[in-house]
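Structural description and commentary
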Amino acid sequence: MNVRGYEFSFGWMFAIIAGAALVGIALYAGVRFISVGQEGTGSIEAAQLSVLFTPLGSSIEEGKLSFLELPKEDSIVLGCSSQGLGSTSFRVVQDDFGERVSGRTSSSLSYVASAVELKGKRFRALTKPILFPYKVGDMIILFEDSERYCFVDAPNELEEELVALNSSNLVVVSGASRCPAGSKSVCFGSAGCSIRVELAEGLVVKGRKSVPFDLRFGTGLLFAAIVSDPMIYTCQLERLMHRAGLLADLYIAKTNYLSTQGCSSGLASELELFSNELGEYSGGSLHSLASLAQSIERDHDALICTLY
Amino acid sequence: MMHLSVRYTSKAQMQIQQLAFVLVALVIFVGIVALFFISTSISRLSGAAEDLKSAGAEELARHLSSLPEFSWGAPRCAHCIDLDKVFVLREQLGGAYKGLLPMRYVAIERLYPPHTKRVCTSLNYPDCSTIELVGNSSVNGTSRGAFVSICHYEGGGTICELGKVYITG
């Protein structure tokens, strides 16, 4: 029998091995390149969010529910640090071949209250000023466009504000049973909701966790406490307290300077007390701070050379 | 004693050499293409980073007056800058307020009515023209500016002037 053998030369072997290695390297480089590109896009989106949120109040219209839209469906992961002025960090996380790649940026001027992770393309943002009684910053309350909050038996003042926002995301009803299916119910005093607001105690209770608020600082803290993850809210509140303390010190310096110009305010001692109280705040009720803030507001209103 | 040796024909040697040349050429080609892609993507990313930096600086310059540390205060003038407040803030920026303005240069200049051209210090304020909050005028980089209203108390009354905010990201 005559069987013709096939000559598997060195040239062929070399070409196959080298070719396989080259294709392998090219594929790996391609995947890495796409991954770096995705991370870059994530970083740019995160930085854009940071720019959008930074000088506050102006980028997103105050007191209105605005839309935020990402170029595609992604996740926004929020972080918060309360060291010094603290910062809010934004990570835009993208899925890349089953792997999660992200870009990160942070801002020391923005206060964002939301869940730790938000998913989707469209988000809702409500900006509310925080007044201590002077403005400390704007709280941006951020949630997914698909989320619905159902406010049960809300007090009149709050109901008017919610109705004025004219949004299908925020519904006001009387009786928890009237809440739309799939919405997060918020009860004021009564039971039977996933979130309970104790107006007298100044607490928002979510399961076993509760966070403080006080309406004398504006409704921003209440909305933030309802929507936000308790950990994020507590961190943002600590940052606001710290900044309010710094502002109190700034107003003390300003009133001292104005005294040399013949325009004394007489508010220095009250502001000093407020600054100390803010410095000592370590969670819990905001009642005494709010009372002190109210007293400063009353005295400030009577001034000729106002401080803020 | 027996000697073993492998003999390649000159044709086979030629083929191996050709293959080696082709492979070297291929590696160089892939390297050039990779370099081109990397340099393009890096320049695109650094361009985007630069754009974002200047967008941030521009936005901050336009809205600096909305920060409570700068604001003259609503309802008197929501978008005016409080010069007295900024002057006392200048001394606190290195300490407790570190990180408030993460820029290389931030300054506020009083344009009209004109003032003696000099940087404000505690010795010459308010008879000066520029409050330098971060860095000084020798800082390199493209500066973004925005016109603002600046108000302060002088002689028992309020004086508002035209000014400009300069920010280098």
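Our subject in this report is the structure included herewith.

Things to note about the overall build of chain A
Across its full length, chain A holds six helices and twelve strands. Looking at chain A as a whole, 37% of its 308 residues are labelled buried. If you take every contact in chain A between residues at least 6 apart in sequence, the share linking residues at least 24 apart comes to 62%.

Here's the deal with the sheet that holds strand β12 (residues 209-212) of chain A
Residues and elements named next belong to chain A. Taken together, the six strands give an open sheet; going across it, the order is β8-β7-β9-β10-β11-β12, and neighbouring strands pair in mixed fashion. The open sheet has two edge strands, β8 (170-173) and β12, and neither has a second partner. Within this sheet the neighbouring strands show an average axis-to-axis angle of 20°, counted without direction. In this structure, strand β11 (residues 203-206) lies alongside β12, joined through four bridges in antiparallel fashion. The partner of V204 across the bridge, within β12, is V211.

What to know about the packing of helix α5 (residues 268-280) of chain A against helix α6 (residues 287-301) of chain A
Residues and elements named next belong to chain A. Interaxial distance between α5 and α6 falls to 10 Å at its minimum, and their mutual angle equals 160°. Here α5 is positioned roughly antiparallel relative to α6, judged by the angle of their axes. Crossing of α5 over α6 shows left-handed handedness. On α6, the residues touching E270, L271, L273, F274, E277 and L278 of α5 are S288, L289, L292, A293, S295, I296 and D299. Residue composition of the contact of α5 with α6, by class: eight nonpolar, two polar and three charged.

Regarding the sheet that holds strand β2 (residues 105-112) of chain B
Picture the strands of a sheet paired through backbone hydrogen bonds; they go either parallel or antiparallel. Residues and elements named next belong to chain B. The strand order across the open sheet formed by five strands is β1-β4-β5-β2-β3, and the pairing between neighbours is mixed. Because the sheet does not close on itself, it has two edges, and the strands there are β1 (80-82) and β3 (130-134). The sheet shows a mean angle of 35° between the axes of neighbouring strands, direction not considered. As paired strands, strand β4 (residues 143-154) and strand β5 (residues 157-168) are joined by twelve bridges and run antiparallel to one another. Within β5, the residue paired with A146 across the bridge is V165. Across the face of the sheet, helix α1 (residues 10-63) comes into contact with β4 and β5 while running at roughly 20° to β4.

Examining the interface of chain A and chain B
Counting residues at the interface gives 40 residues for chain A, matched by 34 residues for chain B. Within the residue set of the side of chain A that touches chain B, elements represented by two or more residues are α1 (10-53), β6 (135-144) and α4 (230-260) of chain A. Residue composition of the side of chain A that touches chain B, by class: 25 nonpolar, 13 polar and two charged.

Considerations on the packing of α4(A) against helix α2 (residues 83-90) of chain B
Across the interface, α4(A) lies against α2(B) with an axial gap of 9 Å and an inter-helix angle of 115°. The angle between the axes of α4(A) and α2(B) places the two elements in the roughly perpendicular class. Crossing of α4(A) over α2(B) shows right-handed handedness. Taking contact as the criterion, the partners of A:L250, A:A253, A:K254, A:Y257 and A:L258 in α4(A) are, on α2(B), B:D84, B:K85, B:V88 and B:L89. In terms of residue class, the contact of α4(A) with α2(B) is made up of six nonpolar, no polar and three charged.

Considering the pairing of strand β10 (residues 195-198) of chain A
Residues and elements named next belong to chain A. Of the strand pairs in this sheet, strand β9 (residues 184-188) and β10 are connected by three bridges, and their pairing is parallel. Looking at the pairing, F188 lines up with V197 of β10. Direction of pairing for β10 relative to β11: antiparallel, over a ladder of four bridges. Each residue of the ladder has a partner; that of R196, found in β11, is V205. Adjacent in sequence and paired antiparallel, β10 and β11 are bridged by four residues, among which G202 carries a positive phi angle near 70°.

About the thresholds
Residues numbered from 1 in each chain as written. Chains lettered and ligands numbered in written order. Predicted model: local features only at pLDDT ≥ 70, side-chain atom pairs only at ≥ 80, totals over all residues. Helix = DSSP H or I, 4+ residues; strand = E, 2+ residues; numbered from the N terminus. Buried ≥ 20, exposed ≤ 12 C-beta atoms within 10 Å, placed from the backbone. Contact = placed C-beta atoms within 7 Å. Pairing = 2+ DSSP bridges. Axes fitted to C-alpha atoms, helices over the stretch in contact; angles between N-to-C directions. Parallel < 35°, antiparallel > 145°, perpendicular 65-115°, else oblique. Left-handed = near helix turned anticlockwise from the far one by under 90°. Nonpolar A, V, L, I, M, F, W, Y, C, P; charged D, E, K, R; others polar.

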